[in-house]
Amino acid sequence: MEQTWLSHSVDDLPQIAEELINAISPLKKIAFYGQMGAGKTTFIKTICSTLGVTEPTSSPTFSIVNEYTGKSKIFHFDLFRINNPAELQEIGFIEYLENNDYVFIEWPEIIEPIFEDYQFVQIHITTIAAQERKIQVSWNNIN
């Protein structure tokens with residue numbers, strides 16, 4: 001399935017996040033694509049807030065993964081600095097995917113071969129103008 005939203009400013013993101021979570025439920029593994037500065041982290045922060053996270057959220061660029069707690073646990077990965085999938089084995093990456101918690105991944109290209117095994121939702125964020133973004137979401141139905 002696919003769905004597309006147009007965000008004219010960050011003020012639009014809470015409504016989009018709510019609609020997204022409802023649309024993809026019960027899927028919880030989400031890969032975020034977009035150029036540097038497209039708004040991946042900003043959208044993830046908004047989704048975390050929608051899921052009840054009240055603590056500050058930030059990009060885990062240097063730590064690789066951040067953990068948040070809201071209505072359920074959320075693991076936010078930034079794979080920008082990962083050069084080899086073997087590096088992820090050292091932190092038990094697959095175990096994060098095998099639980100029923102949310103897993104958000106920025107820069108997921110290095111792990112694309114495993115998407116089918118874990119039913120990933122793919123979100124592509126495209127910059128249209130300074131504040132305007134197109135958010136395209138695709139996922140496979142699970143029956």
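Scroll up for the structure.
Source: prediction; values computed, not measured. (Residues numbered from 1 in each chain as written. Predicted model: local features only at pLDDT ≥ 70, side-chain atom pairs only at ≥ 80, totals over all residues. Heavy atoms only, no water.)

A look at the overall build of the protein
Part 1 of the argument: Across its full length, the protein holds five helices and seven strands.
Part 2 of the argument: If you list the helices and strands of the protein from N to C, you get β-α-β-α-β-β-α-α-β-α-β-β.
Part 3 of the argument: Relative to the compact-globule value of 15 Å for 143 residues, the protein shows a C-alpha radius of gyration of 14 Å, a close match.
Part 4 of the argument: Along the three orthogonal principal directions, the C-alpha set of the protein runs to about 40 × 35 × 30 Å.
Part 5 of the argument: The buried share among the 143 residues of the protein stands at 45%.
Part 6 of the argument: Contacts spanning at least 24 positions in sequence make up 58% of the contacts within the protein whose residues lie at least 6 apart. (Helix = DSSP H or I, 4+ residues; strand = E, 2+ residues; numbered from the N terminus. Rg over C-alpha atoms; globule rule 2.2 N^0.38 Å. Buried < 20%, exposed > 50% of the residue type's maximum accessible area, 1.4 Å probe, protein only. Contact = heavy atoms within 4.5 Å.)

A look at helix 1 (residues 13-24)
Part 1 of the argument: The end-to-end C-alpha separation of helix 1 is 16 Å, in line with the 16 Å expected for 12 residues at 1.5 Å each.
Part 2 of the argument: Listing the buried residues of helix 1 in full gives Leu13, Ile16, Ala17, Leu20, Ile21 and Ile24. End-on, the buried residues of helix 1 take up no more than an arc of 130°, which puts them together on one face.
Part 3 of the argument: Looking at the buried side of helix 1, the elements it contacts are strand 1 (2-7), strand 2 (29-33), helix 2 (40-50), strand 5 (102-106), strand 6 (121-127) and strand 7 (133-138). (Expected span 1.5 Å × (residues − 1). Arc of directions from axis to C-beta.)

A closer look at the nonpolar core
The nonpolar side chains of a soluble globular protein tend to be buried, and buried together.
Part 1 of the argument: Phe43, Ile47, Phe104, Ile123, Ile135 and Val137 are the most contacted members of the largest nonpolar core, which has 27 residues in total.
Part 2 of the argument: Going through the elements one at a time, helix 1, strand 2, helix 2, strand 5, strand 6 and strand 7 are the ones with two or more residues in this core.
Part 3 of the argument: It is helix 1 that contributes the most residues to this core, six residues altogether.
Part 4 of the argument: Listed in part, the 17 residues of the second largest apolar core include Ile64, Phe75, Phe93 and Tyr96. (Core = buried A, V, L, I, M, F, W, Y, C linked by side-chain atoms within 4.5 Å.)

Observations regarding the packing of helix 1 against helix 2
Part 1 of the argument: Viewed as axis vectors pointing N to C, helix 1 and helix 2 meet at an angle of 65°, and their least axial separation amounts to 9 Å. On the basis of the axis angle, helix 1 is roughly perpendicular to helix 2. Here helix 1 and helix 2 pass one another in a crossing that is right-handed. When helix 1 is examined against helix 2, the residues Leu13, Pro14, Ile16, Ala17, Glu18, Leu20 and Ile21 are found in contact with a partner set consisting of Thr42, Phe43, Thr46, Ile47 and Thr50.
Part 2 of the argument: Looking at the contact of helix 1 with helix 2, its residues break down into eight nonpolar, three polar and one charged. (Axes fitted to C-alpha atoms, helices over the stretch in contact; angles between N-to-C directions. Parallel < 35°, antiparallel > 145°, perpendicular 65-115°, else oblique. Left-handed = near helix turned anticlockwise from the far one by under 90°. Nonpolar A, V, L, I, M, F, W, Y, C, P; charged D, E, K, R; others polar.)

Focus on the pattern of salt bridges
Part 1 of the argument: Tallied over the entire structure, the rule returns one salt bridge.
Part 2 of the argument: The residue Glu67 makes a salt bridge to Lys73 at a minimum N-O spacing of 3.4 Å.
Part 3 of the argument: Lys73 gets classed as partly exposed once you look at its relative accessible area, which sits at 37%. (Salt bridge = Lys/Arg side-chain N within 4 Å of Asp/Glu carboxyl O.)

Some points on the packing of aromatic side chains
Part 1 of the argument: Applying the stated criterion across every chain, the model contains eight aromatic pairs.
Part 2 of the argument: Aromatic pair Phe77 and Phe93: ring centres 4.9 Å apart, planes at 85°, arrangement edge-to-face. Taken together, the positions of Phe77 in strand 4 (residues 73-78) and Phe93 in helix 4 (residues 93-97) put the pair 16 residues apart, joining distant regions of the chain. Neither residue differs from the other here; Phe77 and Phe93 are each classed as buried.
Part 3 of the argument: Both rings, one in Tyr102 and one in Phe104, keep their centres 5.9 Å apart while their planes meet at 55°; by these two values the pair is tilted. In this structure, Tyr102 and Phe104 share a single accessibility class: buried.
Part 4 of the argument: An aromatic cluster is built from Phe32, Phe43, Tyr102 and Phe104, whose rings are joined through pairwise contacts. (Phe/Tyr/Trp six-rings, centres within 6.5 Å; stacked < 30°, edge-to-face > 60°.)

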